[in-house]
Amino acid sequence: MTELRCNDPIIEVHDLYVYFYTYAGVVRAIEGVSFCIERGETYCLVGETGCGKSVTSRALTKLILPPGRIEKGKVYYYPEPSRRIDILALSEEEVKKIRGNEITYIFQDPGTALDPLYTIGYQIAETMLVHGRIRRIKEGIPHAVELLRKTLIPDPERRVKAYPHELSGGMKQRAVIATALANNPKLVIADEPTTALDATVQAQIMELLRKLKKEEGLTILLITHNMGLVAEMCDRVAVMYAGTIVEEAPTEELFKNPLHPYTRLLLRAVPNPLRRMDKLESIPGTVPNLIYPPPGCRFHPRCPHAMDICREERPPEIWVNESHRVACHLYTGKASLPG
Ligand SMILES: Nc1ncnc2c1ncn2[C@@H]1O[C@H](COP(=O)(O)OP(=O)(O)OP(=O)(O)O)[C@@H](O)[C@H]1O
Ligand SMILES: [Mg+2]
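Everything in this summary refers to the structure shown in the same document. (Residues numbered from 1 in each chain as written. Chains lettered and ligands numbered in written order. Predicted model: local features only at pLDDT ≥ 70, side-chain atom pairs only at ≥ 80, totals over all residues. Heavy atoms only, no water.)

**Regarding the environment of Val130**
Argument step 1. Positionally, Val130 belongs in helix H4 (residues 120-130).
Argument step 2. Judged by its relative accessible area of 62%, Val130 falls in the exposed class.
Argument step 3. Through-space distance from the C-alpha of Val130 to that of Gly100 is 9.3 Å; in sequence the pair is 30 residues apart. (Helix = DSSP H or I, 4+ residues; strand = E, 2+ residues; numbered from the N terminus. Buried < 20%, exposed > 50% of the residue type's maximum accessible area, 1.4 Å probe, protein only.)

Below, the structure written as structure tokens:
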């Protein structure tokens, strides 16, 4: 089992497996994922579409709906350093007290996260009501105004009475962020929070998350397929491929010294302003169908360095120094390192 190395973890995930039982077969979406998030950091999950970022983040609060099932593993949540909660052992009723309260989500599309029939203020106050912070919606409105002000929405006293359709995409996402902050969460999970927005608004929302993290002492789990965002936002990053973590390191270290062939290819696919490129380099091949995942290392069919052992054995996770780990046979001492 992978050793986890966090001094003051807020979350620990040990050997997580999540499967989806579909008519076409069993989708082995997550197999053996382990990581911890340090209190106060921004931790990133990065990888191509379908590699399991969202499923992993949803499993942190047991938010896996049928036909999905958490097969195996542990998720520990530490509200304080000395208090450990075994999330997967909680009933839905118990976990609901944590989800949307201490651990909150910001999803990709602010349009669907908000209910078109209620005002922004009502929706923020409702989150507080559900978690027993207020007794009547009306009591929550002043706090909703404050939260909208924190997210830098202009004229929050007016916007609190607005319906979602009256706001721009960027403002809607700010309202979603305000809702996610309503109950003073400890961990905010932002799953591709800016993908649906245009580039300028994207940058503003990221700036806002950075500011809120500092002011509110939040821990953030940021999910993205954008290596540029990782570089700007994250303290540490885990690279996922086909339902596994292939590499994890502090961000700077990962960019300077990427070890896994997949990470190297992902970094090559980042546009480099110093090099003139007509199109982005992409990684040959696609993420495999996870009903029939490749045996051994799941990346071997696309890997330029694949060896016999890669087709046969799943590579163990190796710590190459105190904070950098990789799951690749090139580093198990059974083969020489690539140049
Ligand atoms: N409800 C479901 N039913 C069947 N398979 C599912 C379901 N939800 C997710 N999966 C599968 O689980 C795997 C991981 O999906 P996940 O949504 O976590 O990917 P992701 O990394 O978040 O991708 P993206 O970048 O596109 O959001 C995929 O193979 C996906 O097809
Ligand atoms: Mg996703």
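**Observations concerning the site of ligand 1**
Argument step 1. For ligand 1, the set of nearby residues contains 13 residues, the closest of which are Thr49, Gly50, Lys53, Ser54 and Val55.
Argument step 2. Within the backbone of Cys51, an N or O atom sits 3.2 Å from an oxygen atom of ligand 1.
Argument step 3. About the coverage of ligand 1: the protein hides 66% of its 630 Å² of free accessible area.
Argument step 4. Sorting the residues of the shell around ligand 1 by element identifies strand S1 (9-22) and helix H1 (53-59) as the ones contributing at least two each.
Argument step 5. Examining the composition of the shell around ligand 1, we find that 3 residues originate from one element, H1, more than from any other.
Argument step 6. Residues belonging to the shell around ligand 1 are distributed by class as follows: 5 nonpolar, 5 polar and 3 charged. (Near = heavy atom within 4 Å. Polar contact = N/O pair within 3.5 Å; in protein donor to acceptor, adjacent residues only side chain to side chain. Areas by Shrake-Rupley, 256 points an atom, 1.4 Å probe, with all protein chains shown as cover. Nonpolar A, V, L, I, M, F, W, Y, C, P; charged D, E, K, R; others polar.)

**Observations regarding the packing of H4 against helix H5 (residues 137-150)**
Argument step 1. Between H4 and H5, the least distance of the axes is 8 Å, while the angle of their chain directions is 110°. Taken together, the axis directions place H4 and H5 in an arrangement best described as roughly perpendicular. As H4 runs across H5, the sense of the crossing is right-handed. On H5, the residues that touch Ile120, Gly121, Tyr122, Ile124, Ala125, Glu126, Met128 and Leu129 of H4 are Ile137, Gly140, Ile141, His143, Ala144, Leu147 and Leu148.
Argument step 2. Per-class residue counts for the contact of H4 with H5 are 11 nonpolar, 3 polar and 1 charged. (Axes fitted to C-alpha atoms, helices over the stretch in contact; angles between N-to-C directions. Parallel < 35°, antiparallel > 145°, perpendicular 65-115°, else oblique. Left-handed = near helix turned anticlockwise from the far one by under 90°. Contact = heavy atoms within 4.5 Å.)

**A few points about the state of the cysteines**
Argument step 1. Tallied over the full model, the rule gives 2 disulfides.
Argument step 2. In this model Cys44 forms its disulfide with Cys234; the gap between the sulfur atoms is 2.1 Å. Here Cys234 lies in the loop between helix H9 (227-233) and strand S9 (236-241) and Cys44 lies in strand S3 (residues 42-46), a separation of 190 residues in the sequence. By the burial criterion, Cys44 is buried, and Cys234 matches it.
Argument step 3. For the protein chain, the bonded cysteines pair up as 1-2, 3-4 when numbered in the order they occur along the sequence.
Argument step 4. Between Cys310, a free cysteine, and Cys297, which holds the nearest cysteine sulfur, the sulfur-to-sulfur gap is 6.1 Å.
Argument step 5. With a relative accessible area of 8%, Cys310 lands in the buried category.
Argument step 6. Free cysteine Cys328: the closest other cysteine sulfur is in Cys303, separated by 6.2 Å.
Argument step 7. What makes Cys328 buried here is its relative accessible area of 8%. (Disulfide = S-S within 2.5 Å.)

**Section: the nonpolar core**
Argument step 1. Ranked by internal contacts, the top residues of the largest apolar core, which has 100 residues, are Ile11, Leu60 and Ile87.
Argument step 2. Broken down by element, this core gets its largest block of residues, 7 residues, from helix H7 (residues 169-181).
Argument step 3. Counting contributing residues per domain, this core is built from domain 1 (9-102 + 185-331) and domain 2 (103-184), each supplying no fewer than three.
Argument step 4. When near neighbours in sequence (up to four residues on either side) are disregarded, Ile11 contacts Phe35, Cys36, Ile37, Leu60, Tyr76, Tyr77, Ile103 and Leu187. (Core = buried A, V, L, I, M, F, W, Y, C linked by side-chain atoms within 4.5 Å. Domains from an automatic or database assignment.)

**With respect to empty space enclosed by the protein**
Argument step 1. Counted by the stated rule, this structure contains 1 cavity of 30 Å³ or more.
Argument step 2. Here the largest cavity defines a volume of roughly 90 Å³.
Argument step 3. Lining the largest cavity are 13 residues, with Cys297, Cys303, Cys310, Cys328 and His329 sitting closest to its centre.
Argument step 4. Looking at the lining of the largest cavity, its residues break down into 10 nonpolar, 3 polar and no charged. (1 Å grid on protein atoms, 1.4 Å probe; cavity = no way out; pocket = protein on both sides within 12 Å on 5 of 7 lines; lining within 4 Å. Points joined across faces, edges and corners; volume = space filled by probe spheres on them.)

**A closer look at the pairing of S9**
Argument step 1. A large share of S9 lies buried, amounting to 6 of its 6 residues.
Argument step 2. Burial along S9 is two-sided: the face carrying Arg236, Ala238 and Met240 and the face carrying Val237, Val239 and Tyr241 are both buried.
Argument step 3. In terms of strand pairing, S3 meets S9 through 4 bridges, oriented parallel. Along S9, the bridge assignment pairs Cys44 with Val237.
Argument step 4. The sheet contact formed by S9 and strand S10 (residues 244-250) spans 6 bridges and is antiparallel. (Pairing = 2+ DSSP bridges.)

**Observations regarding the side chain of Thr194**
Argument step 1. In this structure, Thr194 sits in the loop between strand S7 (187-191) and helix H8 (199-216).
Argument step 2. Among the residues examined, Thr194 registers a relative accessible area of 3% and is labelled buried.
Argument step 3. Ignoring sequence-local partners within four residues, the contact set of Thr194 consists of Gln202, Ile205, Met206 and Leu229.

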